[in-house]
Amino acid sequence: MSMDKASADCPYPGCFFCVMKEANPSKRRASILKFFRELPSQDDDGQVLPISGLWNTAMAHPNDPEFIELGIFECMSALIWKGLKNRRWLSHDQNIYIPYYAAHIIGSYTMNMEEFAERAVRAGVIPPLVELLRGRLTWVEQRVAVRALGHLATYASTFPTVASHGEILELSIQLAMSSLEIVYSHFYQYVDRRLSYHCDLLTRGMGGVEMESRKAEEWASQLQCWSLQLINCFAFKSEFLPTICKPEFLAKLPGMWGGLVNENSPAGIGLLRTICHHKLGRGPVAACPGIIEALCNIARSSDDWQYMAIDCLLWLLQDPSTCHKVIEKTVPALVDLAEISSLGDHKKLGDSIVNVLQECIESQGTGRTQINSHVKEEVEELLNSKQRLKWEKNMPKEDLHIKQAAALVVKLEGNSLFSSGNISGAAAKYSEALALCPIRSKKERVVLYSNRAQCHLLLQQPLAAIGDATRALCLHNPVNRHAKSLWRRAQAYDMLGLAKESLLDAILFINECSQSNDPDLSLRQNKVPDYAERLVKKQMRAAWLFREAAIKHGGVHCEGDAGDMCGQETDDSEWETASESEIGNEERDDIGDDICGWENEVERKDKYKKASIKEIKHGYNVQLTEDV
C-alpha cells in the first residue's frame, strides 16, 4: 500500500500512511514517534503494510535522519525480537515478512552513515540480528542480518560492539562456507516445497518458477558475499586471524567468487588480500598450495580482482618466511604479468612485479631464499628484456627499424610453417621473432605472443598458451582487451578444466567482438558467435553457483541456462576442435583472423565440426589470428 492510497477518512486511528500525510511538521513528528513506540506491542492485522512502506523509504532515502531520530531502530529491533519469541504472532496474517523487512531497514539506514550506525547500536539492534544470523528463522532473514551486521562492522566506532559478540565471526565463517548449500537444499532443489513468503520476497509478487530460481541464485550469492564482507571487517584486526585462517576455510576462499551476479564483489579474493596484508595471515596462506595456484590463475585473469591477487603474490614473495614456499609457483605467473602497465587506479603494477622478482634473485645470494635454476632463468630473462629496453632507447632509429623488419620476416616464415601444418616449427619462429622484435614495439609483440599461444593450443600445451595469451593481454592497449588472446586463453583454461576462468575470458571475448571496428565484422558485430556461445554455456554449467550442492544432493534439473542436468556430462565434443574460430580466410597475405571466421561460419560448420586436434595440427586449412 502506498501513501497516496491512504484515504482522508481512514478508519484506522494512527494509520502510518495517514500520519505521513500530516501537513503540520511538529504533529507529524509526534505521531511518527508515537507510531514507532506503540507498533511492537500491537497485534492488529495489516502491520506488514507500514513496515514494507518503511522498507521502501529506507531503500530510497537511506541518509535521511528523520526516522532515525524518531526511534525506528528501537522499533525494528523490538519487532525482530517479537517475531523470534512469539511464533503465534509471527504466523498470523502476513507477520512472517516483518523480521525480514525490519533487518533490511536496519541495514539500509546504516550502510552509509556512521552516526546512524552508532544510533542503531545504542538502540540494541545487534542481539536480535545475531539471532537471525544463527538461523533462528530462515536463510532469507540470515541474508539481511549479515548485511546489516556487515555495515555496522565497517565503522571504527561500532566495530568493537559487533566484535564483542564473539559468535558473529564464527557464524559468518560457517555461513560463507555453507550458504550455497543451504539455499539450494532449503529452496532451490524442491519447487513444490518452497515457502510462499520466500517466493513473494524474491519476486515481489511477480512469480514464476524460473524467476524464483534465478533470484534465489542471486540472493544465495549475496548471502555468501555479504558474509565474506563481514569476515573481512574482522580480518583487518590481527587478533582475529587465528580464527579466520583455518585450513578448511582458507582452501574454500578462492572458489567463493559470487558468480556472474556479483561481479563487483571482492568475494573470497578480497578477503585473501586482507589476510595476506598481515604477516600472521601469510603463513597459513602459503601453507595451502591450492590457494597459491588459484591466486596465480586470478592474477592472470582479466577481471576486477586481478590486482588483488597480484598484491597477495607480491606480499608472499616479499616475506622471507613465506617466499621459499611459494616462489616456484608464483614466479611463472608474475613473469607473464611483468609488462602490465596499470589496472584502473593501480599504477605501474609491472614495475612493482619486476622489482620484487629482482629482490628474490638478489636474496638468493644471502641464503634467505633458494631458487631452482628454471625459475632463476625465467626471472633473469625478464630482467634482460628490461635491460634491452634501456639499450634500445640509445639505439639509432634506423637500427630499430632493421630489427623490426627482421622480426617481421621471421614472423612471416612462422605463418607459412603454420599454414603448412608445421605447428612446432611455427612456434619456434615466433619465439625467434620475439627475440628480434624491439621491446617497445608492443603491437607487434602482442601479435607474436598471441600467435605463439595458438600454436601451444594446437600442440595441446595449455599452460604455455595461457602464459603467452596473458603476456599479449598485458602488452595490449587497453590492457586485457585483445579479443583473440582472450579467446585463446579461454580455450586453454577449458583444456585444464578451469571453468570459471574460461567463462570470464569467453564473456570478455564476446564483449570485445561486439565493439570491434574490424570491417570483416561489420555485418555480424551484434551477433554472438556460435562457438563462443557454446563455450559460455558449457562453462556456465561447470561453474554454476549451486553445482557442488547439486552434486552432493544427487543432482537435479537446473533452471534456465545454468544447465540441463547438473552433475551429468553433456556432449561438448565440438570443443576439441579449437572451434571454427581457427578456420581462416586463405586469401589473406598474413595469417587469417579467427574473428573473421564468422563470415562463412554456416557453410563451414558441418565440414569442420567433427575435426580433431590431431587433424588440425596436420594442416586442415587452419590459420592463425593476426592483428594487421
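Below: a short report on this structure.

The rules behind the values
Residues numbered from 1 in each chain as written. Predicted model: local features only at pLDDT ≥ 70, side-chain atom pairs only at ≥ 80, totals over all residues. Heavy atoms only, no water. Axes fitted to C-alpha atoms, helices over the stretch in contact; angles between N-to-C directions. Helix = DSSP H or I, 4+ residues; strand = E, 2+ residues; numbered from the N terminus. Parallel < 35°, antiparallel > 145°, perpendicular 65-115°, else oblique. Left-handed = near helix turned anticlockwise from the far one by under 90°. Contact = heavy atoms within 4.5 Å. Nonpolar A, V, L, I, M, F, W, Y, C, P; charged D, E, K, R; others polar. Expected span 1.5 Å × (residues − 1). Bend = angle between axes of the 7 residues up to and from the residue. Buried < 20%, exposed > 50% of the residue type's maximum accessible area, 1.4 Å probe, protein only. Core = buried A, V, L, I, M, F, W, Y, C linked by side-chain atoms within 4.5 Å. Salt bridge = Lys/Arg side-chain N within 4 Å of Asp/Glu carboxyl O. Phe/Tyr/Trp six-rings, centres within 6.5 Å; stacked < 30°, edge-to-face > 60°. Lys NZ or Arg CZ within 6 Å of the ring centre and 35° of its normal.

Describing the packing of helix α21 (residues 320–336) against helix α23 (residues 373–393)
Then, in step 1: Packing of α21 against α23 leaves a shortest axis separation of 10 Å and a crossing angle of 25°. In terms of orientation, α21 and α23 fall into the roughly parallel class. The element α21 and its partner α23 pack so that their crossing is left-handed. Contact residues: α21 offers I327, E328, V331, P332 and V335, while α23 offers V375, E378, V379 and L382.
Then, in step 2: Partitioned by chemical class, the residues of the contact of α21 with α23 number 7 nonpolar, no polar and 2 charged.

Describing α21
Then, in step 1: Between its first and last C-alpha atoms α21 spans 23 Å; for 17 residues at 1.5 Å apiece the expected length is 24 Å, and the two agree.
Then, in step 2: The axis of α21 is deflected most strongly, by about 70°, at V326.
Then, in step 3: Along α21, the residues that are buried comprise T322, C323, V326, I327, T330, V331, A333, L334, V335 and D336.

Here we look at helix α14 (residues 209–235)
Then, in step 1: Look at α14: 39 Å from first C-alpha to last across 27 residues, which is about the 39 Å you get at 1.5 Å a residue.
Then, in step 2: Within α14, 19 of the 27 residues are buried, which leaves it mostly tucked inside the rest of the structure.

Focus: the nonpolar core
Then, in step 1: Counting residues in each nonpolar core, the largest one holds 167 residues, and the members touching the most others are F249 and L295.
Then, in step 2: Ranked by residue count, the leading element in this core is helix α12 (residues 167–188), at 12 residues.
Then, in step 3: Contacts of F249, omitting those with residues within four sequence positions, involve I173, A176, M177, L228, I231, I244, M256 and L271.
Then, in step 4: Among the nonpolar cores identified, the runner-up in size contains 17 residues, and A407, V410, A426 and L434 belong to it.

Comments concerning the packing of helix α27 (residues 462–475) against helix α28 (residues 483–496)
Then, in step 1: At a closest axis distance of 9 Å, the pairing of α27 and α28 adopts a crossing angle of 155°. As the angle between them shows, α27 and α28 are arranged roughly antiparallel. Considering only the axes of α27 and α28, their crossing is left-handed. Of the residues in α28, those in contact with P462, L463, A465, I466, A469, T470, A472 and L473 of α27 are S485, L486, R489, A492, Y493, M495 and L496.
Then, in step 2: For the contact of α27 with α28, the class distribution of residues is 12 nonpolar, 2 polar and 1 charged.

Things to note about the pattern of salt bridges
Then, in step 1: In the structure shown here, the tally under the stated rule is 26 salt bridges.
Then, in step 2: A salt bridge links E66 to R28, with the nearest nitrogen and oxygen atoms 2.4 Å apart. Of this pair, E66 sits in helix α4 (residues 66–69) while R28 is found in helix α2 (residues 25–38), placing the two residues 38 residues apart along the sequence.
Then, in step 3: A salt bridge links R388 to E392; its shortest N-O distance comes to 3.9 Å.

Examining the packing of aromatic side chains
Then, in step 1: One pass over the full model with this rule turns up 21 aromatic pairs.
Then, in step 2: Relative to Y101, the ring of Y100 lies with its centre 5.6 Å away and its plane at 70°, an arrangement referred to as edge-to-face. Across this residue pair, the class does not change: Y100 and Y101 are buried.
Then, in step 3: Taking the centre distance of 4.9 Å and the plane angle of 55° together, the rings of Y188 and F546 count as tilted. Of this pair, Y188 sits in helix α12 while F546 is found in the loop between α30 (530–542) and α31 (547–552), placing the two residues 358 residues apart along the sequence. Here Y188 and F546 have matching classes, each one buried.
Then, in step 4: What links up through ring pairs into an aromatic cluster is the set W55, Y100, Y101, W139, F187 and W219.
Then, in step 5: Its end group placed over the ring of W81, K85 keeps NZ or CZ at 4.8 Å from the ring centre.
Then, in step 6: A cation sits over an aromatic face here: R194 above Y188, 5.8 Å from the ring centre.

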